[in-house]
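Residues per chain are reported as follows:
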Amino acid sequence: MRRFVVIGLGRFGTKLAIALSMSGTEVIAIDKDRNPIEMIRDQVSLAVRLDSTDEEAMKAQGVGKADVAIVGMGQQNFESAILTVVNLRQMGITQIYARAESLTQGEVFSKVGATEVIYPEIESAQRWAYKLIAPQIGEKLDLAPGHSLARVKAPASFDGRTVMDLQLRQKYNVNLVLIKRGDHGKAKKSEQDAIINVMPETIIYEGDILMIAGSDSDLVRLPQE
(Lines give C-alpha, C1' and ligand atoms only; values in the text may rest on other atoms or scores of the structure.)
Protein backbone atom coordinates (compact mmCIF):
# COMPACT_ATOMS: atom_id res chain seq x y z
CA MET A 1 0.00 0.00 0.00
CA ARG A 2 1.33 3.42 -0.98
CA ARG A 3 1.88 5.88 1.83
CA PHE A 4 1.04 9.56 1.37
CA VAL A 5 1.83 12.48 3.64
CA VAL A 6 -0.22 15.65 3.34
CA ILE A 7 1.27 18.70 5.05
CA GLY A 8 -0.91 21.75 5.62
CA LEU A 9 -4.58 21.12 6.37
CA GLY A 10 -6.36 24.10 4.91
CA ARG A 11 -9.33 23.46 2.63
CA PHE A 12 -7.16 22.01 -0.15
CA GLY A 13 -4.99 19.81 2.08
CA THR A 14 -7.92 18.52 4.15
CA LYS A 15 -10.04 17.57 1.15
CA LEU A 16 -7.05 15.93 -0.55
CA ALA A 17 -6.07 13.92 2.54
CA ILE A 18 -9.63 12.64 3.01
CA ALA A 19 -10.00 11.76 -0.68
CA LEU A 20 -6.71 9.83 -0.66
CA SER A 21 -7.72 8.00 2.50
CA MET A 22 -11.12 7.08 1.06
CA SER A 23 -9.29 5.53 -1.90
CA GLY A 24 -7.74 3.00 0.47
CA THR A 25 -4.26 4.48 0.81
CA GLU A 26 -2.32 5.14 3.99
CA VAL A 27 -2.34 8.87 4.75
CA ILE A 28 -0.37 10.86 7.31
CA ALA A 29 -1.90 14.31 7.80
CA ILE A 30 0.25 17.04 9.34
CA ASP A 31 -0.47 20.57 10.49
CA LYS A 32 1.01 22.86 13.14
CA ASP A 33 -2.43 23.82 14.49
CA ARG A 34 -4.58 21.67 16.75
CA ASN A 35 -8.05 22.29 15.24
CA PRO A 36 -7.52 20.79 11.76
CA ILE A 37 -5.77 17.80 13.31
CA GLU A 38 -8.71 17.11 15.61
CA MET A 39 -11.18 17.46 12.73
CA ILE A 40 -9.42 14.98 10.45
CA ARG A 41 -8.06 12.52 13.03
CA ASP A 42 -10.70 9.83 12.45
CA GLN A 43 -10.57 10.08 8.67
CA VAL A 44 -6.90 9.32 7.97
CA SER A 45 -4.34 6.75 9.10
CA LEU A 46 -2.44 9.21 11.28
CA ALA A 47 -2.98 12.90 12.07
CA VAL A 48 -0.09 14.69 13.75
CA ARG A 49 0.37 18.19 15.08
CA LEU A 50 3.93 19.29 14.40
CA ASP A 51 6.09 21.90 12.70
CA SER A 52 7.01 20.54 9.26
CA THR A 53 10.19 22.65 9.20
CA ASP A 54 11.50 20.41 12.01
CA GLU A 55 13.12 17.56 10.08
CA GLU A 56 13.73 15.40 13.16
CA ALA A 57 10.10 15.66 14.27
CA MET A 58 9.00 14.64 10.76
CA LYS A 59 11.32 11.64 10.78
CA ALA A 60 10.01 10.57 14.18
CA GLN A 61 6.51 10.27 12.70
CA GLY A 62 7.69 8.12 9.79
CA VAL A 63 7.34 10.83 7.16
CA GLY A 64 10.60 9.75 5.56
CA LYS A 65 9.00 6.39 4.68
CA ALA A 66 6.24 8.01 2.61
CA ASP A 67 6.08 7.33 -1.12
CA VAL A 68 4.51 10.68 -1.96
CA ALA A 69 4.41 14.00 -0.11
CA ILE A 70 2.05 16.89 -0.79
CA VAL A 71 2.81 20.30 0.68
CA GLY A 72 -0.48 22.17 0.72
CA MET A 73 0.35 25.14 2.93
CA GLY A 74 -1.09 28.54 2.05
CA GLN A 75 0.61 31.70 0.89
CA GLN A 76 0.97 33.06 4.42
CA ASN A 77 3.22 30.07 5.19
CA PHE A 78 5.27 30.25 1.98
CA GLU A 79 8.66 30.34 3.72
CA SER A 80 7.73 27.34 5.87
CA ALA A 81 6.50 25.51 2.79
CA ILE A 82 9.86 26.03 1.07
CA LEU A 83 11.74 24.66 4.10
CA THR A 84 9.32 21.74 4.24
CA VAL A 85 10.04 20.81 0.62
CA VAL A 86 13.78 20.97 1.36
CA ASN A 87 13.32 18.69 4.39
CA LEU A 88 11.29 16.18 2.39
CA ARG A 89 13.95 16.07 -0.31
CA GLN A 90 16.68 15.53 2.28
CA MET A 91 14.65 12.66 3.76
CA GLY A 92 14.80 10.94 0.39
CA ILE A 93 11.17 11.30 -0.73
CA THR A 94 11.27 11.21 -4.51
CA GLN A 95 7.74 12.45 -5.26
CA ILE A 96 7.02 15.85 -3.77
CA TYR A 97 4.04 17.93 -4.86
CA ALA A 98 3.82 21.55 -3.71
CA ARG A 99 0.74 23.78 -3.84
CA ALA A 100 1.46 27.22 -5.25
CA GLU A 101 -0.75 30.27 -5.64
CA SER A 102 1.34 31.86 -8.38
CA LEU A 103 3.77 30.88 -11.12
CA THR A 104 6.58 32.61 -9.21
CA GLN A 105 5.94 30.45 -6.15
CA GLY A 106 5.88 27.40 -8.40
CA GLU A 107 9.29 28.25 -9.82
CA VAL A 108 10.72 28.54 -6.31
CA PHE A 109 9.27 25.18 -5.28
CA SER A 110 10.73 23.51 -8.36
CA LYS A 111 14.16 24.94 -7.66
CA VAL A 112 14.22 23.69 -4.05
CA GLY A 113 13.17 20.13 -4.90
CA ALA A 114 9.44 19.82 -5.68
CA THR A 115 8.94 17.29 -8.46
CA GLU A 116 5.60 18.81 -9.47
CA VAL A 117 3.70 21.98 -8.65
CA ILE A 118 -0.06 22.14 -8.12
CA TYR A 119 -1.91 25.35 -8.97
CA PRO A 120 -5.47 24.77 -7.65
CA GLU A 121 -6.77 28.29 -8.25
CA ILE A 122 -5.21 28.67 -11.71
CA GLU A 123 -6.23 25.18 -12.83
CA SER A 124 -9.77 25.62 -11.51
CA ALA A 125 -10.14 28.93 -13.34
CA GLN A 126 -8.84 27.38 -16.56
CA ARG A 127 -11.26 24.43 -16.28
CA TRP A 128 -14.20 26.76 -15.73
CA ALA A 129 -13.17 29.04 -18.57
CA TYR A 130 -13.01 26.04 -20.89
CA LYS A 131 -16.36 24.74 -19.61
CA LEU A 132 -18.01 28.10 -20.22
CA ILE A 133 -16.51 28.48 -23.69
CA ALA A 134 -17.18 24.88 -24.75
CA PRO A 135 -20.15 23.49 -22.78
CA GLN A 136 -20.51 20.67 -25.32
CA ILE A 137 -17.33 19.10 -23.96
CA GLY A 138 -17.61 16.96 -20.85
CA GLU A 139 -14.65 15.27 -19.20
CA LYS A 140 -11.24 16.04 -20.64
CA LEU A 141 -8.00 14.07 -20.27
CA ASP A 142 -4.81 16.06 -20.88
CA LEU A 143 -2.52 14.17 -23.25
CA ALA A 144 0.15 16.86 -23.60
CA PRO A 145 0.27 20.62 -23.01
CA GLY A 146 -2.61 22.07 -25.01
CA HIS A 147 -3.84 18.68 -26.29
CA SER A 148 -6.61 16.53 -24.83
CA LEU A 149 -8.88 13.54 -25.23
CA ALA A 150 -12.38 14.93 -24.70
CA ARG A 151 -15.79 13.39 -24.06
CA VAL A 152 -18.28 15.08 -26.38
CA LYS A 153 -22.02 14.46 -26.63
CA ALA A 154 -23.02 14.31 -30.30
CA PRO A 155 -25.14 17.37 -31.13
CA ALA A 156 -28.32 17.41 -33.24
CA SER A 157 -26.34 18.47 -36.31
CA PHE A 158 -24.50 15.10 -36.22
CA ASP A 159 -27.68 13.00 -36.07
CA GLY A 160 -27.89 10.31 -38.76
CA ARG A 161 -24.66 11.33 -40.47
CA THR A 162 -21.69 9.06 -41.11
CA VAL A 163 -18.16 9.65 -39.92
CA MET A 164 -17.18 10.32 -43.52
CA ASP A 165 -19.98 12.89 -43.92
CA LEU A 166 -18.90 14.83 -40.84
CA GLN A 167 -15.24 15.14 -41.92
CA LEU A 168 -14.15 16.03 -38.40
CA ARG A 169 -10.46 15.86 -39.23
CA GLN A 170 -10.76 18.03 -42.31
CA LYS A 171 -13.11 20.63 -40.77
CA TYR A 172 -11.91 20.79 -37.16
CA ASN A 173 -8.47 19.12 -37.19
CA VAL A 174 -9.54 16.57 -34.54
CA ASN A 175 -9.61 12.76 -34.47
CA LEU A 176 -12.65 10.68 -33.52
CA VAL A 177 -11.26 7.78 -31.45
CA LEU A 178 -14.39 5.83 -30.49
CA ILE A 179 -18.15 6.09 -30.08
CA LYS A 180 -20.34 4.95 -27.21
CA ARG A 181 -23.97 4.68 -28.17
CA GLY A 182 -26.28 6.92 -26.19
CA ASP A 183 -29.60 5.92 -24.69
CA HIS A 184 -31.67 7.06 -27.66
CA GLY A 185 -32.89 3.80 -29.25
CA LYS A 186 -31.88 4.90 -32.74
CA ALA A 187 -29.02 2.45 -33.26
CA LYS A 188 -29.39 -1.23 -34.06
CA LYS A 189 -30.24 -3.32 -31.01
CA SER A 190 -26.84 -5.04 -31.15
CA GLU A 191 -25.12 -1.65 -30.98
CA GLN A 192 -27.11 -0.06 -28.18
CA ASP A 193 -24.97 0.94 -25.20
CA ALA A 194 -21.91 -0.45 -26.99
CA ILE A 195 -18.46 0.86 -27.81
CA ILE A 196 -18.20 1.23 -31.56
CA ASN A 197 -14.97 1.08 -33.52
CA VAL A 198 -14.89 4.08 -35.81
CA MET A 199 -15.28 3.34 -39.53
CA PRO A 200 -15.97 5.83 -42.35
CA GLU A 201 -19.47 4.39 -42.81
CA THR A 202 -20.33 4.42 -39.07
CA ILE A 203 -23.48 6.43 -38.40
CA ILE A 204 -23.53 8.87 -35.48
CA TYR A 205 -26.74 9.74 -33.65
CA GLU A 206 -27.60 12.70 -31.46
CA GLY A 207 -26.72 11.82 -27.87
CA ASP A 208 -23.92 9.38 -28.73
CA ILE A 209 -20.78 9.89 -26.63
CA LEU A 210 -17.79 10.68 -28.80
CA MET A 211 -14.20 10.44 -27.60
CA ILE A 212 -12.31 13.01 -29.64
CA ALA A 213 -8.59 13.89 -29.52
CA GLY A 214 -7.10 17.17 -30.58
CA SER A 215 -5.72 20.50 -29.47
CA ASP A 216 -7.80 22.40 -26.93
CA SER A 217 -8.23 25.28 -29.38
CA ASP A 218 -9.59 22.92 -32.06
CA LEU A 219 -11.88 21.05 -29.65
CA VAL A 220 -13.52 24.35 -28.69
CA ARG A 221 -14.60 24.81 -32.30
CA LEU A 222 -16.75 21.66 -32.34
CA PRO A 223 -20.45 22.50 -32.83
CA GLN A 224 -22.70 22.75 -29.78
CA GLU A 225 -25.97 22.15 -31.62
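Residues numbered from 1 in each chain as written. Predicted model: local features only at pLDDT ≥ 70, side-chain atom pairs only at ≥ 80, totals over all residues. Heavy atoms only, no water.

**Q** Provide a residue-level description of helix α1 (residues 11-22), including the pertinent values.
**A** Between its first and last C-alpha, α1 extends 17 Å over twelve residues, near the 16 Å set by a 1.5 Å rise per residue. Within α1, the full set of buried residues consists of Gly-13, Ala-17, Ile-18, Leu-20 and Ser-21. For α1, the angular spread of the buried residues around the axis is 160°, confining them to a single face. Relative to its buried face, α1 has exposed residues pointing more than 90 degrees away, namely Arg-11, Lys-15 and Met-22. Its buried side turned inward, α1 meets β1 (3-7), β2 (26-31), α2 (34-40) and β4 (68-71). At the exit of α1 stands Gly-24, carrying a positive phi of roughly 90°. (Helix = DSSP H or I, 4+ residues; strand = E, 2+ residues; numbered from the N terminus. Expected span 1.5 Å × (residues − 1). Buried < 20%, exposed > 50% of the residue type's maximum accessible area, 1.4 Å probe, protein only. Arc of directions from axis to C-beta. Contact = heavy atoms within 4.5 Å.)

**Q** Got a sec to walk through helix α5 (residues 103-112)? Specific residues and values, please.
**A** Taken together, the buried positions of α5 are occupied by Gln-105, Gly-106 and Phe-109. Along the axis of α5, the buried residues cluster in a sector spanning 100°; they form a single face. Residues of α5 that are exposed and angled more than 90 degrees away from the buried face: Leu-103, Thr-104 and Lys-111. Lining the buried residues of α5 we find α4 (78-90), β5 (95-99) and β6 (116-118). Backbone geometry just after α5 places Gly-113 at a positive phi near 130°.

**Q** Please set out the sheet that holds β4 residue by residue, giving values where relevant.
**A** One open sheet holds the six strands; their spatial order is β3-β2-β1-β4-β5-β6, and the pairing between them is parallel. If you trace the sheet from one side to the other, it starts and ends with β3 (46-49) and β6, each paired once. With strand direction ignored, the average angle separating the axes of adjacent strands in the sheet is 20°. Direction of pairing for β4 relative to β5: parallel, over a ladder of four bridges. Bridge pairing links Ala-69 to Ile-96 in β5. Contacting β1, β2, β4, β5 and β6, α1 crosses the sheet at an angle of about 165° to β1. (Pairing = 2+ DSSP bridges. Axes fitted to C-alpha atoms, helices over the stretch in contact; angles between N-to-C directions.)

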